[in-house]
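Fold and geometry: a report
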Amino acid sequence: MNDRSDDSELATATRIVGAGRRKEWTGPVVNPPVWRASTHLYENMDALAEGPRRNEDGRFFYGRRGAPTQWALADALTALEPGAAGTVLYPSGVAAIAGVLLTLLRPGDVVLMTDNAYDPSRAMGTGLLADFGIETRYFDPLDLSAYERAFCNRTRAVLLEAPGSLTMEVCDIPALARIAHERTAISILDNTWAGPTGFAALSHDVDVVLMALTKHVGGHSDLMMGSASAGPELYKRLRLRAQSLGHVVSPDDAALALRGLRTLQLRLERETRSALQIAQWLSRRDEVAAVLCPMLPGAPGHDLWKRDFTGGCGLFSFVLRGGDAKRRARFIDALQLLGIGYSWGGFESLVVPVDPSPIRSVMAWPPVGADSADRFGVRLSIGLEDPQDLIADIEQAFAAMDIV
Ligand SMILES: *Cc1c(COP(=O)(O)O)cnc(C)c1O
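Residues numbered from 1 in each chain as written. Predicted model: local features only at pLDDT ≥ 70, side-chain atom pairs only at ≥ 80, totals over all residues. Heavy atoms only, no water.

Comments concerning the domain arrangement of the protein chain
- When its domains are assigned, the protein chain resolves into domain 1 (1-73 + 232-262), domain 2 (93-213) and domain 3 (264-401).
- Once you take the C-alpha centre of each, domain 1 and domain 2 turn out to be 27 Å apart.
- At the interface, nine residues of domain 1 touch 12 residues of domain 2.
- Around 870 Å² of area is buried between domain 1 and domain 2 when both sides are counted, 74% of it from carbon and sulfur atoms.
- Taken together, domain 1 and domain 2 are joined by zero salt bridges. (Domains from an automatic or database assignment. Contact = heavy atoms within 4.5 Å. Buried area = accessible area lost by both parts, 1.4 Å probe. Salt bridge = Lys/Arg side-chain N within 4 Å of Asp/Glu carboxyl O.)

Focus on the sheet that holds strand β6 (residues 208-212)
- Pairing is mixed in the open sheet, where seven strands are placed in the order β1-β7-β6-β5-β4-β2-β3. Because the sheet does not close on itself, it has two edges, and the strands there are β1 (86-90) and β3 (135-139). The sheet shows a mean angle of 20 degrees between the axes of neighbouring strands, taken without regard to direction.
- Pairing analysis gives four bridges linking strand β2 (residues 110-114) to strand β4 (residues 155-161), with the strands arranged parallel. Counterpart to V111 in the pairing with β4 is A157.
- Along the sheet, helix α4 (residues 68-79) contacts β1, β6 and β7 (226-230); its crossing angle with β1, the most-contacted strand, is approximately 130 degrees.
- Strands in contact with helix α6 (residues 119-131) are β2, β3 and β4; relative to β3, the strand with the most contacts, it is inclined by about 155 degrees. (Pairing = 2+ DSSP bridges. Helix = DSSP H or I, 4+ residues; strand = E, 2+ residues; numbered from the N terminus. Axes fitted to C-alpha atoms, helices over the stretch in contact; angles between N-to-C directions.)

Let's talk about the pairing of strand β5 (residues 186-190)
- Of all five residues in β5, five are buried; the element is thus mostly enclosed.
- Bridge count between β4 and β5: five bridges; the pairing is parallel. Among the inter-strand pairings, A157 is bridged to a residue of β5, identified as I186.
- Viewed along the sheet, the connection from β4 through helix α8 (residues 173-182) into β5 turns out right-handed.
- As judged from the three bridges shared by β5 and β6, these two strands associate in the parallel manner. When the sheet's bridge partners are listed, D190 is paired in β6 with L210. (Buried < 20%, exposed > 50% of the residue type's maximum accessible area, 1.4 Å probe, protein only. Right-handed = clockwise from strand over helix to strand, strands pointing away.)

A short note on unusual backbone geometry
- A cis amide bond, omega -10 degrees, links A162 with the succeeding residue P163.
- Residue placement: P163 occurs in the loop between β4 and α8.
- Here W365 and P366 are connected by a cis peptide whose omega angle stands at 5 degrees.
- Along the polypeptide, P366 turns up in the loop between β11 (350-354) and β12 (377-381).
- Positive phi outside glycine occurs at L166, with the angle close to 70 degrees.
- Looking at where L166 falls in the secondary structure, it is placed in the loop between β4 and α8.
- Look at S343: it is not a glycine, yet its phi comes out positive at around 75 degrees.
- Among the secondary structure elements, S343 is positioned in the loop between β10 (339-340) and β11.
- By relative accessible area, S343 is classed as partly exposed at 27%.

Describing the packing of α4 against helix α11 (residues 251-262)
- Contact geometry of α4 with α11 gives a least axis separation of 8 Å together with a crossing angle of 35 degrees. Read as a crossing pair, α4 and α11 show a hand that is left-handed. On the side of α4, the interface is formed by T69, Q70, A72, L73, A76 and L77, while α11 contributes P251, A254, A255, A257, L258 and L261.
- Partitioning the contact of α4 with α11 into residue classes produces 10 nonpolar, two polar and no charged. (Left-handed = near helix turned anticlockwise from the far one by under 90°. Nonpolar A, V, L, I, M, F, W, Y, C, P; charged D, E, K, R; others polar.)

Regarding the pattern of salt bridges
- This structure, assessed with the given rule, holds 18 salt bridges.
- Ionic contacts of the salt-bridge type, sharing partners, join the residues E50, R53 and R54 into one network.

What about the packing of helix α5 (residues 93-104) against helix α10 (residues 232-244)?
- At their nearest, the axes of α5 and α10 sit 9 Å apart, and the two run at 110 degrees to each other. The angle between the axes of α5 and α10 places the two elements in the roughly perpendicular class. Seen from above, α5 lies across α10 with right-handed handedness. Contact with α5, carried on its side by G99, V100, L102, T103 and L104, involves L234, R237, L238 and R241 of α10 and no other residues of that element.
- Along the lines of polarity and charge, the residues of the contact of α5 with α10 split into five nonpolar, two polar and two charged. (Parallel < 35°, antiparallel > 145°, perpendicular 65-115°, else oblique.)

Some points on the nonpolar core
- Judged by nonpolar contacts, the single largest core of 89 residues is most densely connected at L282 and L380.
- Other than its neighbours up to four places away in sequence, L380 contacts I278, L282, G314, L315, F316, F318, L338, L350, V351 and I394.
- Counting residues in hydrophobic clusters, the runner-up holds 28 residues, among them A95, L129, L159 and I188. (Core = buried A, V, L, I, M, F, W, Y, C linked by side-chain atoms within 4.5 Å.)

Points about the sheet that holds strand β9 (residues 315-320)
- Here we have five strands laid out as an open sheet, ordered β8-β9-β12-β11-β10, and mixed in their pairing. Lying at the two open borders of the sheet, with one neighbouring strand each, are β8 (288-292) and β10.
- Taken together, the five bridges between β11 and β12 define a ladder with antiparallel strand orientation. Its bridge partner being in β12, V351 is matched across the sheet by L380.
- Set on the sheet, helix α12 (residues 264-283) makes contact with β8, β9 and β12; between it and β9 the angle comes to about 10 degrees.
- Sheet strands touched by helix α14 (residues 325-334): β9, β10, β11 and β12. Its angle to β11, the strand with the most contacts, is close to 175 degrees.

Some remarks on the environment of S227
- Relative to the helices and strands, S227 resides in strand β7.
- In sequence terms S227 and L89 are 138 residues apart; their C-alpha atoms lie 4.5 Å from each other.
- Residue contacts for S227: discarding those within four places in its chain leaves L77, T87, V88, L89, Y90, A96, V209, L210, M211 and L213.

Okay, structure coming up:
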């Protein structure tokens, strides 16, 4: 088989099968073997001297710069991200976010962060970034004019996420990224939800796209990893900074992530179908005040999702009508098929309560359309179970919710 990972005219489903499977890394087998390596041995002194001069994937140097297993994963992610010159791997999604911000920002800079960012991203604003003399300002990604006004001459970068964490609003990513460019700021997108098959970030004017591979790329709730992809100049800076921070991922986890990647699109398609079916069912229930699911017509940002995205996933939220935290706890405790747990994107369905108020500065909660009494949110990560079984489970848990 020829190496076809650069065949950008092939459909995504075809490219995802071949991506990263370079002959020199796989040898005669299908997958790149797990290369467990710290030391790389050199033939002679000349080869040793050459090592540090060629800092690129595919060049042995020392374990911190990886080996074929990690290179194959990075190469595959790059192949799936049109416009990317390379991909840097990080030991977790949070490490990817911190690694990107610590590459692009300097003391005195301002970063604009979407108000509905992943909670640990927000926490970096008041913690890590503040400690380094970097100021974070939060903005409502649905209010373009307020966003434009938020720029100042110290704004170096913008952190976007779509759909927003927990509340799931889809914003106009190309417009937000273009405005950032006009103000000479670098746009960063946390694209964990859609992934490379669901949203082509760099083709929509985003400069740096990052993901928690922990979620759908891993896909089996058994590894932690993050990635960031970018064009040539930014990729080089990200790579050097990741190396200076000592970021490296284990070859075993890289092999698992590659295995997960092969079925990514297939799992996402199935999850999207099931999630939409469950979201539609929920939207007809009296127990539910609002369904926050980008794939559902009428949900916040649904039109932008339809315009810009090529896929969805199983993660969405809904708001219970009225009630209190104890009633919601009875609902969640009564669920049999959905596990209570953080993270998402595995093959198994999960549920967590959602209370965004403490982690929003400008956006409203309860969401627009819900009554002020409708405050108790629930987030579902729909996995690969039969959606009818999940609906039956949710229905019996609704019944259990009001039995005190
Ligand atoms: C989970 C998550 C992360 C962080 O990933 P970890 O691997 O858990 O550190 C980042 N962004 C989003 C949107 C996430 O859901």
